[in-house]
Structures are given as structure tokens and as C-alpha cells.
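Analysis of the macromolecular model
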Protein chains: 2
Amino acid sequence: MNHVVLVGFMGSGKSTVGPLLAERLGRPFTDLDARIERESGAAVAEIFAREGEAGFRARESAALTRVMAEEPQVVAVGGGAPLADENWRRMREANVVVALLAEPQTLAGRLQGSLHRPLLREGVPAAIERLLPARLARYREADLVLDTDGRSAAAVASAIQDALPDGALHRVAVPVHGRGHEVVVGRRLQHLAGPALRHAGVQGTVVIASDASIAAQHAAPLKAAVEAAGLRTACYALPAGETAKTIGAVTDFYRFLAGAGVDRQGAILALGGGAVGDACGFVAATWLRGVPLLQVPTTLLAMVDSSIGGKNGINLEDGKNLVGTIHQPCGILDDITHLATLPDRAYRASWAEVIKSAIIADTNLFDVLARGASPARSRDGEYLGRVIAATCAIKARVVAADPFEAGERAILNYGHTVGHALEAALGYGSLAHGEAVAWGMQVAADLSWRSGRCPESVVRAQEQMLRDYGLLDRPPRVDPARVFAAMRHDKKAQDGEVRWVLLTGIGHAEYGCRVPFEDVERSVAAVLA
Amino acid sequence: MNHVVLVGFMGSGKSTVGPLLAERLGRPFTDLDARIERESGAAVAEIFAREGEAGFRARESAALTRVMAEEPQVVAVGGGAPLADENWRRMREANVVVALLAEPQTLAGRLQGSLHRPLLREGVPAAIERLLPARLARYREADLVLDTDGRSAAAVASAIQDALPDGALHRVAVPVHGRGHEVVVGRRLQHLAGPALRHAGVQGTVVIASDASIAAQHAAPLKAAVEAAGLRTACYALPAGETAKTIGAVTDFYRFLAGAGVDRQGAILALGGGAVGDACGFVAATWLRGVPLLQVPTTLLAMVDSSIGGKNGINLEDGKNLVGTIHQPCGILDDITHLATLPDRAYRASWAEVIKSAIIADTNLFDVLARGASPARSRDGEYLGRVIAATCAIKARVVAADPFEAGERAILNYGHTVGHALEAALGYGSLAHGEAVAWGMQVAADLSWRSGRCPESVVRAQEQMLRDYGLLDRPPRVDPARVFAAMRHDKKAQDGEVRWVLLTGIGHAEYGCRVPFEDVERSVAAVLA
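Residues numbered from 1 in each chain as written. Chains lettered and ligands numbered in written order. Predicted model: local features only at pLDDT ≥ 70, side-chain atom pairs only at ≥ 80, totals over all residues. Heavy atoms only, no water.

A word on the overall build of chain A
Rule in force here: Helix and strand assignments follow DSSP, with helices taken as H or I runs no shorter than four residues and strands as E runs no shorter than two, numbered in order from the N terminus. It only takes one pair of heavy atoms within 4.5 Å for two residues to be counted as in contact. What sets the accessible areas is the Shrake-Rupley method with a 1.4 Å probe; for residues, cover comes only from the shown protein chains. Positive charges are assigned to Lys and Arg, negative charges to Asp and Glu, while His and the chain termini are left out of the count. Charge positions are represented by NZ for Lys, CZ for Arg, CG for Asp and CD for Glu.
A tally of regular secondary structure across chain A gives 21 helices and 16 strands. Projected onto its principal axes, the C-alpha positions of chain A cover 85 × 55 × 40 Å. Long-range contacts, defined as pairs at least 24 residues apart, comprise 75% of the intrachain contacts of chain A with a sequence gap of at least 6. For chain A, the exposed area adds up to about 20600 Å²; of that, 50% sits on carbon and sulfur atoms. Between the mean site of the 56 positive side-chain charges and the mean site of the 59 negative ones, chain A shows a separation of 1 Å.

Topic: the relation of the copies chain B and chain A
Let me state the cut-off plainly: Alignment of the copies relies on least squares applied to C-alpha atoms, considering only residues that score at least 70 for pLDDT in both.
Of the transformation superimposing chain B on chain A, the axial component is 0.1 Å and the angular component is 179 degrees, with the fit at an RMSD of 0.1 Å. Interpreted geometrically, this transformation is the action of a two-fold axis. Every residue of chain B has its C-alpha some distance from the rotation axis, and the shortest such distance is that of isoleucine 247 of chain B, at 4.1 Å. When the interface residues of chain B are mapped onto chain A, 100% of them again fall at the interface, so both copies present the same face.

Regarding the sheet that holds strand β3 (residues 74–76) of chain A
All names here are of chain A. To be explicit about the condition: Following DSSP output, two strands are said to pair if at least two bridges run between them. In this analysis, axes come from line fits to C-alpha atoms, helices being fitted only over the stretch in contact, and the angle between any two N-to-C directions falls in the range 0 to 180 degrees.
Judged by pairing direction, the sheet is parallel, and its five strands sit side by side in the order β2-β3-β1-β4-β5 without closing on themselves. Each of the sheet's edge strands pairs with one partner strand only, and the pair in question is β2 (29–31) and β5 (144–147). Along the sheet, successive strands turn relative to each other by an average axial angle of 20 degrees, direction set aside. Sheet topology note: the β2/β3 ladder contains three bridges and is parallel. By the bridge assignment for β3, phenylalanine 29 is matched with valine 74. Strand contacts of helix α7 (residues 153–163): β1 (4–8), β4 (96–101) and β5, with the helix running at about 155 degrees to β5, the strand carrying the most contacts.

Focus: the sheet that holds strand β11 (residues 293–297) of chain B
Residue and element names in this part refer to chain B. Strand order in the open sheet formed by seven strands is β6-β7-β14-β11-β10-β8-β9, with mixed pairing between adjacent strands. Edge strands, defined here as strands with exactly one partner in the open sheet, are β6 (166–174) and β9 (233–238). When strand polarity is set aside, the average angle formed by the axes of neighbouring strands in this sheet is 20 degrees. Alignment of strand β7 (residues 181–187) against strand β14 (residues 331–335), held across four bridges, turns out to be parallel. Note on β14: the bridge partner recorded for valine 183 is isoleucine 332. Contacting β8 (206–211), β9, β10 (267–272) and β11, helix α9 (residues 212–228) crosses the sheet at an angle of about 160 degrees to β8. Set on the sheet, helix α16 (residues 381–401) makes contact with β6, β7 and β14; between it and β6 the angle comes to about 10 degrees.

Notes on the packing of helix α18 (residues 433–450) of chain B against helix α21 (residues 517–528) of chain B
All names here are of chain B. Quick reminder of the rule: In these notes the angle categories are as follows: under 35 degrees is roughly parallel, over 145 is roughly antiparallel, 65 to 115 is roughly perpendicular, and the rest is oblique. Handedness of a crossing is defined here by the sense of rotation of the near helix relative to the far one, left-handed for an anticlockwise turn of less than a right angle and right-handed for a clockwise turn. As a working rule, the residues Ala, Val, Leu, Ile, Met, Phe, Trp, Tyr, Cys and Pro are called nonpolar, Asp, Glu, Lys and Arg charged, and the rest polar, with Gly in that last group.
In contact at an axis separation of 9 Å, α18 and α21 are set at 130 degrees when each is read in the N-to-C sense. Looking at the two axes, α18 sits oblique to α21. The element α18 and its partner α21 pack so that their crossing is right-handed. On α21, the residues touching Trp439, Gln442, Val443, Asp446, Leu447 and Arg450 of α18 are Asp519, Val520, Arg522, Ser523, Val524, Ala526, Val527 and Leu528. Of the residues contributing to the contact of α18 with α21, the split by class is eight nonpolar, two polar and four charged.

Quick word on the pairing of β11 of chain B
Residues and elements named next belong to chain B. In plain terms, the rule: Burial here depends on accessible area, computed with a 1.4 Å probe over protein chains only, as a share of the maximum for the residue type. Under 20% is buried, over 50% is exposed, and the range in between is partly exposed. Every crossover in which the path from the first strand over the helix to the second runs clockwise, viewed with the strands pointing away from the viewer, is termed right-handed.
Counting buried residues in β11 gives five out of five residues, a clear majority hidden from the surface. Burial along β11 is two-sided: the face carrying Leu293, Gln295 and Pro297 and the face carrying Leu294 and Val296 are both buried. Where β10 lies against β11, five bridges are found, and the strand directions are parallel. Bridge pairing in β11 links leucine 269 to leucine 294. Crossover connection from β10 via helix α11 (residues 274–286) to parallel β11: handedness right-handed. Summarising the sheet, β11 and β14 pair through two bridges and their orientation is parallel. Across the sheet, the residue bridging to leucine 294 is glycine 331, located in β14.

Considering the interface of chain B and chain A
Short version of the rule: Take the accessible area each of two parts loses on contact, using a 1.4 Å probe, and add the two losses: that sum is the buried area. Just to be clear on terms, a salt bridge is a Lys or Arg side-chain nitrogen sitting within 4 Å of an Asp or Glu carboxyl oxygen. Residues adjacent in sequence count toward polar contacts only when both atoms are side-chain atoms; beyond that, a polar contact is any pair of N or O atoms within 3.5 Å, and within protein one must be able to donate a hydrogen and the other to accept it.
Residue-level contacts link 30 residues of chain B with 30 residues of chain A. Buried area between chain B and chain A, both sides added, is near 2700 Å², and the carbon and sulfur share of it is 54%. Our count for the chain B to chain A interface comes out at four salt bridges. We note a salt bridge from glutamate 317 of chain B to arginine 255 of chain A, for which the minimum N-O separation is 3.7 Å. The interface formed by chain B and chain A includes 11 residue pairs in polar contact (both at pLDDT 80 or more). For the side of chain B that touches chain A, the secondary-structure elements that each account for two or more residues are α10 (247–259), α11 and β13 (319–323) of chain B. Looking at which element gives the most residues to the side of chain B that touches chain A, the answer is α10 of chain B, with five residues. Residue composition of the side of chain B that touches chain A, grouped by class: 12 nonpolar, nine polar and nine charged.

Regarding the pattern of salt bridges
Going through the model one piece at a time under the given rule, you end up with 62 salt bridges over all chains. Ionic contacts of the salt-bridge type, sharing partners, join the residues Arg35, Glu39, Arg66 and Glu70 of chain A into one network.

Considerations on helix α17 (residues 416–426) of chain B
Residues and elements named next belong to chain B. Summarising burial for α17: eight of the 11 residues are buried, a large majority. Turning to α17, its buried residues number three or more, namely His416, Thr417, Val418, Gly419, Ala421, Leu422, Glu423 and Ala425. Buried residues along α17 sit in contact with α13 (344–361), α18, α20 (480–489), β15 (500–505) and α21. Just downstream of α17 lies glycine 427, where phi reads positive at about 90 degrees.

In C-alpha cells:
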């Protein structure tokens with residue numbers, strides 16, 4: 001991480017806990033008010049008297065900007081500083097924000113005699129009653145939220161240390177109208193789950209749903225962290241893989257929720273890959289007409305793709321994802337530590353969606369990826385954090401512009417027309433989704449060039465990158481006629497006619513393209529031969 | 001109806017078709033442009049030249065207002081008149097608006113030589129290209145939309161006559177944010193279904209879903225009318241009653257949709273009572289992540305209550321409506337002719353929800369109901385139209401203010417706390433829902449009086465009205481302890497504590513009320529003894 005920023009009301013203990021935490025972490029401690037006093041040569045109360053609250057707030061914002069640019073430290077900020085949106089944005093950028101809370105009577109007890117504080121001149125209880133509600137609403141948006149009542153400063157510092165993520169956070173806003181939320185990318189994020197759920201209004205039982213093998217690897221720390229945030233939990237094991245996405249599995253899940261008494265104050269936490277996310281998303285959308293959903297994806301594919309956008313899907317015998325809704329999660333925690341244990345083939349296949357996002361929408365990310373095959377192979381945490389966040393940002397932007405998939409969102413289907421058709425023609429499970437998409441991307445790129453939309457160099461650059469990331473290993477053996485038949489049955493086809501997403505250059509694509517079928521035949525033959 | 005208003009582009013045939021239709025209907029015909037010319041003593045072209053388009057539009061609005069206040073007639077209005085929202089509102093109020101469409105080349109052919117029309121001075125093809133798109137968007141919102149290409153004026157007039165509803169329409173807007181739609185109340189509304197679906201973007205297969213007995217009574221004319229609007233249809237029979245609301249029935253429905261190839265251009269038309277509406281609502285919300293839903297309720301209860309608000313629900317063995325979503329319909333057609341064949345007990349029970357709506361929110365409606373027991377008993381069409389529209393308006397207002405049931409919408413649960421508990425304690429089906437709600441309303445009213453919120457006269461007035469409408473016939477024989485137990489298990493209870501909706505007077509209620517349990521015991525004893 002960069003900084004640990006402590007926020008909280010006057011009397012919550014920031015300037016006592018701060019130095020203890022800084023010592024434990026081996027970093028400097030900065031009290032923002034003290035820094036303002038030193039830099040201005042005047043006490044806070046004097047600044048208030050001379051320049052009014054507005055004058056003080058301007059100095060506070062300026063000092064915050066300077067401190068945030070310094071080396072990593074523990075920073076305690078004044079109780080009112082988080083209220084300004086610009087300050088809040090600055091405090092959160094890459095940092096971990098920790099809120100210390102206390103009951104009003106605890107605060108009052110600690111503040112007795114603090115008459116030098118300018119905002120307490122009306123008297124301590126009156127000031128608390130006036131200021132606390134609006135501030136609490138903001139503090140509760142922090143990454144970590146700790147109650148300090150009845151706990152020593154040392155105990156609070158120790159609890160913070162235990163709960164901190166490892167290293168910096170990347171944040172990606174998903175500004176879907178009326179359902180905005182955030183993707184947080186980082187390492188060891190389990191303690192962010194409880195505050196995120198509480199912020200979404202959850203007060204009841206949090207059902208941590210996963211398949212048995214993922215649960216065995218990752219559920220325990222998450223469960224403990226959610227309970228430490230004061231929420232009840234229940235664990236539910238979904239069947240492994242696509243079996244989780246059947247009507248039968250969903251019905252069993254409903255029965256479990258009924259038995260566990262999960263009401264509208266409850267929530268579902270989806271811990272797993274795309275299938276777990278899909279099943280949990282559908283159940284969260286439909287249980288009691290919708291309960292909050294927190295996505296904690298454990299695969300690279302789910303992190304950069306399926307967890308974002310709210311789409312969920314259940315399979316019928318007649319086809320995949322025929323049943324589903326669009327239900328936005330209240331948050332997404334991409335914990336990179338989960339990727340360490342991901343099997344090699346699944347990990348490698350996931351890069352297809354990352355490369356897809358870059359080539360349709362982000363030249364810069366494409367350049368980063370071009371230099372990154374080696375850190376990708378070694379699963380380097382810093383590289384992963386940066387690339388995952390950039391990929392999530394592309395999807396977040398497209399989804400926010402088109403939440404109900406009425407237009408632009410189709411661009412994300414680049415490579416998927418042939419990709420899905422290959423999966424269907426070969427039988428699901430024969431190719432990993434990403435492997436199929438990589439082949440589909442090559443067909444789509446070839447078709448883009450063949451239809452005069454982009455130069456051949458684009459096709460070659462994409463092919464090179466897919467190969468560098470371990471994809472396009474060996475062409476699947478499939479009868480092209482079966483691929484064409486599957487394409488025409490795809491649910492995205494309109495009256496049996498396929499609309500293509502095609503490249504116009506690296507970082508640029510267009511959707512809804514119609515191309516002559518002979519060109520499709522030629523591209524399929526050229527790529528899959 | 002009051003008027004039949006013909007709208008359409010210049011050349012669509014309004015002034016040819018209008019007199020023929022008027023003759024068939026035995027009413028006067030008014031051409032609004034001719035009326036303006038007569039009243040102003042100047043040709044339209046002269047008014048345009050002298051006063052500009054704005055001057056003409058002001059005269060047009062004024063003339064429209066006057067004509068709409070006259071005796072029922074067939075009125076043809078100028079092609080641009082519907083564009084002003086205020087004109088559009090006036091044309092639609094209680095009237096049937098019929099749009100005549102034609103292909104641009106048909107219009108161009110009919111308009112050759114019409115050089116006196118001021119908007120055609122730029123040349124016919126140019127004027128059509130400039131004006132038609134915006135106007136078409138408005139024309140397509142009409143109640144009936146007819147293509148006139150290749151049809152004689154007589155044939156068009158005959159087709160309109162065949163498609164017209166019987167009598168006036170009542171319209172109730174449901175202004176849910178981003179998903180606004182309308183309830184239309186009237187007689188013989190089947191021909192409104194096709195245009196409503198097309199306006200919602202439907203181009204594919206419309207699945208008319210119903211149970212077998214309702215389908216036998218009402219599906220044929222609806223199917224024919226939807227097909228006459230150029231849409232494909234498929235009919236699906238749900239199991240009767242609550243059986244339609246099971247996971248098994250929903251899965252069968254999905255399989256049918258897959259087999260029928262219903263894609264995102266398709267829609268579901270729910271023809272039936274509350275159970276059909278619930279099952280269809282859930283399936284429409286979840287098929288391919290949501291397809292449009294048109295509600296055509298066939299019971300009084302579904303018309304005034306369950307079809308409005310978008311709530312749907314599926315039952316589990318563990319409880320009713322545990323699974324569901326909130327998915328707003330694209331329209332609701334309350335065709336009163338469907339009520340003629342409704343069994344007596346179901347019809348009578350439905351009045352509980354009507355009386356509930358009045359007593360919680362509408363003093364005027366309460367007065368209307370107080371004088372209406374006799375026309376209600378004889379199922380008088382005019383009385384039903386008026387009362388259904390007023391009841392829908394109450395629900396529409398509450399739902400629009402609180403689409404996701406976060407607060408105020410709770411007021412609609414008046415009488416339902418004890419009502420649901422009675423249904424559960426006696427076993428579902430023993431009492432009709434409305435019968436149980438009527439008893440619940442009496443307990444809630446007694447409790448309102450007992451807790452000092454309203455005078456006893458309110459309790460007596462409600463009781464009198466419920467009895468006048470054939471409710472509160474004989475108290476159900478039930479152990480109060482079982483009622484209390486069921487109340488605590490209701491999904492609206494918070495941590496086992498019941499929050500009540502109580503009256504503060506006729507037409508006024510408040511929600512979230514807490515009352516001492518002893519008072520509840522006394523009220524239950526007093527009412528159910």
C-alpha cells in the first residue's frame with residue numbers, strides 16, 4: 001500500500017492509535033492537523049478564528065495533497081477532512097482508509113476538557129449530535145471500520161495491523177446508474193468484505209457460497225473477517241463447475257437460504273470463479289426479490305470479466321445462460337493472492353480476455369501486455385494488480401455506458417462468436433473458454449483484415465501476444481460446418497444472421513458488423529487449418 | 001369512448017378514412033385543419049404565411065381543446081399536432097387514438113401536387129425525410145396503429161371499426177423511473193396489445209401464457225389481434241392456480257421458450273389472474289436476462305393490485321413468494337369484459353383490495369364505493385371502469401414513489417399482516433385472499449382505534465362497506481395462537497417484530513407502527529370472535 005489513512009470523529013483515538021500502528025508497520029506517522037499547525041505557524045483554533053472554517057478546510061486540503069505525495073506512512077486526518085469529496089478521493093487513491101468509530105458517550109467522555117477544539121465551542125454533546133451523523137455516513141465507506149469502545153489503543157492498532165491488505169490497492173469505479181460500486185484489486189482483501197457489506201445495508205446473515213474445493217482453500221479467512229465485522233455468516237457449498245448453474249442447484253440453494261432464515265437484511269458473498277459468480281448472482285437477484293451480492297472472484301477470468309457488469313446466467317439443457325438477470329453487485333474484491341493456487345491451464349486461458357480487452361479498447365494496456373509475458377508467467381503480484389485493474393476499468397466503462405446490453409456492450413463479445421461456436425461444436429469443457437476465445441479472436445482479426453478494416457500487422461500483433469501468453473497452442477480439430485451451424489444458433493444472432501465485432505486497429509473495434517459468409521469461411525479456414 | 005382521433009403523416013389518408021369511419025360509427029366527423037380554417041376565415045397556408053408555424057400551432061392547440069370537449073366524434077388532426085405533449089395528452093384522454101401509417105414512397109405518391117401544404121414547400125421527398133422520423137415515433141405510441149399501404153380507405157375504416165374498444169378508455173400512468181408505462185382500463189382492448197408490444201420494441205414471438213381455462217375463454221381474440229398487428233404468437237398453458245408458481249412449472253415454461261426459439265425480440269403476454277401474472281413476470285424477468293412483459297389481467301384482484309408494481313413471486317415448499325424479482329411490465333390492459341365470467345366468490349373477494357386502497361389513500365374513492373355496492377354487484381361496466389382506474393391510480397402513485405419497496409410501499413400491506421397469517425394458519429385456499437384481507441383490515445382498523453389513532457366511526461364505516469360488498473360473511477374458525485405464530489414468521493416482520501399499517505382516518509394510513517401485543521390480542525379477539 002501507499003498510506004494507511006486513519007479517519008474518525010474527534011475523540012475516536014486516531015492520534016493515539018496512529019503512532020502505535022506506525023511503529024508496528026515501521027513507517028512514519030503524520031497527524032495532519034499537527035502538520036497544518038507547523039506549516040502555518042498557527043494553532044488550528046487560531047486559523048479557524050482568523051480565516052473561518054472555509055480557510056482552515058482549504059489549508060487542510062492542500063496539506064493532504066502534499067502528504068499523500070510523500071513516502072508511505074500512517075496519516076491521521078481531522079474528523080471533517082473526509083467530508084469533502086475531493087479529499088476523500090485523494091485519501092483513498094491506492095491507500096487503505098481505516099475508520100475508527102466510538103459510541104457518542106465514549107466520544108463525549110474522551111473529549112471532556114478539549115476546549116481548544118474550535119468545533120466544540122457549543123459544548124461537547126451538542127457538537128457530537130450536530131456533526132456525527134453526516135460524518136459517520138462517510139466513515140462507514142472506509143475500507144476497514146473498527147469499533148474502539150472498550151478497547152485500548154494498542155489493541156486497536158493490533159487489530160488494524162491484522163486486517164490490513166498487503167500492499168497498495170487499485171480501485172476501479174463501476175458507475176452504473178443507481179447501482180454504482182467499486183472493484184478493489186489488491187492482496188489479502190478479506191477484511192474489506194465486512195465493511196463493504198455493511199455499507200450496502202447488510203445487517204443479517206452473509207451466506208458465503210463457493211464450491212467445496214475453493215471453500216477449502218479460501219473460505220476460512222473470509223468467514224473470520226466478516227464475523228469480525230459483526231455479521232453472522234453461513235457457508236454454502238455449490239456443486240463444482242457448471243453444475244452450479246442448473247435449475248436443480250439453484251433450487252437447492254434457495255432451500256438452504258430458507259432453512260438458514262436469510263431475510264432481506266442478509267446477503268450473498270460469491271467466492272469462486274465464473275460459475276459460482278453466475279449462480280450466486282442469479283440467486284441474489286431472485287431471493288426475496290433481490291438481496292445484496294458481494295463478488296470475491298478467485299480466478300483471473302472472473303476478476304477481469306464475469307464479476308463485472310451484473311450479468312448472471314443459468315444453463316438449461318437447451319443452451320447455456322438462457323436464464324438470468326442483470327443484478328449489479330454491491331462490490332467486487334479481486335484478491336490477487338487467490339491466483340497463486342489457480343491451476344496453470346485455467347490461469348493461462350484467462351489471459352485471452354485480458355488481451356481481448358486491450359485490443360478492442362486500450363492501446364496503453366496493449367503496450368503493457370506486450371512487455372509483460374514474463375511477469376505474467378511468474379504471477380507477479382504487482383504486474384497482476386496493475387493489469388487486472390486496467391482490464392476491469394475497460395469493462396466498467398463499457399458496462400456503465402450500456403448497463404442493459406442495448407448497444408456498445410456488444411464490443412466485449414470480440415472473439416466470442418467463433419469462441420462460443422467452438423465450445424459448442426467441440427462439446428463444453430474440451431477447450432477452456434479462454435482458449436476458445438483466443439481462436440475466436442484470431443478468426444475475428446483475420447476477418448477484420450480481410451474486410452479491409454485493419455492492416456495485416458494488427459492480426460500478426462494479436463497472434464504474437466496470444467502466443468506469448470501461452471495461447472493458440474494447437475488448432476482444435478473441428479469440422480468448420482459444425483462451427484458455422486453453432487454460430488447461427490447463438491443467442492446473439494439476429495434472425496440467424498451473425499453480427500461481428502471487428503478491429504479497426506489496436507485498441508479500436510466496432511460492433512454490429514456484417515460480412516459476406518465467404519469471408520467468414522476463408523478466415524475460419526485460414527486460422528483453424 | 002369519447003372520440004376516435006386519427007393521427008398520421010400528411011397523405012396517410014386521415015381525411016379520406018375519417019368520414020367513412022364516422023359514417024360506420026354513426027357520429028360526426030371533424031377535420032381539425034378544416035375547423036381551424038373555418039374559425040379563422042383563412043387557409044392554413046395563409047396562417048402559416050402570416051403568423052409562422054408557431055402561430056398556427058397555437059390555433060391548432062386551441063381548436064383541439066374545443067373539439068375534444070364536444071360530443072363524441074371522429075376527429076382527424078394535422079400530422080404535426082401530436083408532437084406537442086399537451087396536445088397528445090388531450091387527444092388521448094378517454095379517447096382512442098388511431099395512427100395511420102404508410103411507407104414514404106406511398107406518402108410521396110399521394111402527396112404529389114399538394115403544393116398548398118406549407119410544410120411541403122421544400123419538395124415532397126425532402127419534407128418526408130425531414131419530418132417523418134420524429135412523427136413516426138409519436139404515431140407509434142397510438143392505441144391502434146394501421147398500415148395503409150395497398151389498402152382502400154373503406155378497408156382501413158372497416159379495420160379500425162373492428163379493432164376499436166367498446167366505450168371510453170381510462171388511462172393511469174405508472175411513472176416508475178426509467179420503466180414508465182400505462183394501465184389502460186376499458187372494454188374490448190385486445191387490439192391495443194400489438195401496438196403496445198411493438199412500442200416496447202417487440203418484433204419477435206409473443207408468447208400468450210395463460211392457464212387452460214382462461215385461455216379457452218379469452219385467448220383467441222387476443223391472439224388474432226396480436227397477429228393482425230404483424231407479430232408472431234405462440235400460446236402456452238400454465239398449470240392452474242398456484243401450481244403455476246412452482247420451480248417445476250417455471251422450468252417447463254423455460255423449456256417451452258427455448259423450443260419456440262423465443263429470443264430477445266420476443267415478449268411474454270400474461271393473460272390471467274395473479275398466479276399467471278406472477279409466473280409470467282418471473283419468467284419474463286429471467287428469460288435471456290429479461291424480455292418485455294404485457295399484463296392482461298382477467299380478475300378484478302389482478303387488475304387493481306398484482307399486475308401493477310412489477311413484483312412477481314414463485315413459491316417454495318418453505319413459503320410463498322420467496323423467489324422473485326421486480327420487473328416492470330411494458331403495459332397493463334385491464335379489459336373489463338373479462339370480469340363478466342369471473343366466478344362470484346373470487347369477484348366478491350377482490351373488492352377487499354379496492355376498499356383497502358380507498359381507506360388507506362383516497363377519501364373520494366371511499367365515497368364512490370359507499371354508493372356503489374349495487375352497480376358492483378351487477379358488474380356494471382361504467383362503474384367498474386371508473387373504480388378500477390381510481391384504484392390503479394392509488395397503487396401506481398405509491399409504487400412510483402417507492403419502486404423497490406424501501407418504505408412507503410408498505411402502506412399497501414394494510415390488512416395483510418393478519419390476512420396472510422389467517423391464510424397460513426387455515427391452510428392456503430381455505431379463505432380467498434380477499435376474504436382473509438377483509439378480516440385483516442377489520443383487525444387493523446380495530447387496532448388503529450384501540451391505539452388511539454382514529455375514531456371508532458372509521459372502524460364501523462369500513463366494516464359496513466366490507467359487508468355491503470359481500471365480505472366479512474362469517475368469522476373464520478381459527479385458534480388465535482396460530483395466527484400470532486404465523487404473523488411472527490411473515491417475511492415482512494423484522495427480527496420477529498410485526499410492524500403495522502394503521503389508519504389515522506378514512507383515506508389516511510401510516511406504516512411501520514409498533515403496538516403492544518396485548519392490543520393485538522384484544523383486536524384479534526374482538527374481530528374474529
